[in-house]
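One-letter residues, chain by chain:
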Amino acid sequence: MRMLLVGAALVVMTSAAMMASALADDDDTKSAQKLAQQGRDDYWHCLAREYSRDSNKGLSEQDFGRSVAGACPSERQYYRVALLDYLTTQYPSIDSGAHLATANRAVEAAQKDIVTAYVKHRTPAK
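Everything numeric here is computed off the predicted structure, so don't read it as measured data.

Thresholds, definitions, all that
- Residues numbered from 1 in each chain as written.
- Predicted model: local features only at pLDDT ≥ 70, side-chain atom pairs only at ≥ 80, totals over all residues.
- Heavy atoms only, no water.
- Helix = DSSP H or I, 4+ residues; strand = E, 2+ residues; numbered from the N terminus.
- Buried < 20%, exposed > 50% of the residue type's maximum accessible area, 1.4 Å probe, protein only.
- Contact = heavy atoms within 4.5 Å.
- Areas by Shrake-Rupley, 256 points an atom, 1.4 Å probe, with all protein chains shown as cover.
- Core = buried A, V, L, I, M, F, W, Y, C linked by side-chain atoms within 4.5 Å.

Asks: I'd like a rundown of the overall build of the protein, residues and numbers included.
Replies: Within the protein one finds four helices and zero strands. Listed by position from the N terminus, the elements making up the protein come as α-α-α-α. Here the protein holds 126 residues, and the buried ones make up 23% of them. For the protein, contacts bridging at least 24 residues in sequence account for 73% of all contacts bridging at least 6. When the accessible surface of the protein is summed, it comes to about 8,800 Å², and 60% of that surface belongs to carbon and sulfur atoms.

Asks: How would you sum up the nonpolar core? Please name residues and give values.
Replies: By size, the foremost hydrophobic cluster in this structure holds 21 residues, and its most contacted members are Tyr43, Leu47 and Leu83. Among the elements of the structure, α1 (2-52), α2 (61-70), α3 (73-90) and α4 (96-121) are those that each provide at least two residues to this core. The dominant element in this core, judged by the number of residues it contributes, is α4, at seven residues. When neighbours within four sequence positions are excluded, Leu83 is seen to be in contact with Ala36, Ala103 and Ala106.

Quick look at the structure:
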């Protein structure tokens, strides 16, 4: 009887540990997701400031694209790292190189979107 109680106690303790681990993993994932979203928002706000600079008015698409590619280095890096951390936490079985490629594509997409908006809204050349 005592062995049965010890066995039941071990099952309960193991289940509790697994639940705590799952909750901790869920908390880690939510925290990583929140940081990735914050990094995205910070990067977008920085790109928006770059878009609004008077010194960029009248630039060609290529010149503005080069300007944007070099702008916001710390925000860009934070976004890339936070997104990489989130993807690694969310999908641990996928190769980290694939996660890095995804994060790099996200940064490139943000840059492309701001350049597209610039081209669509700039004053036509006379």
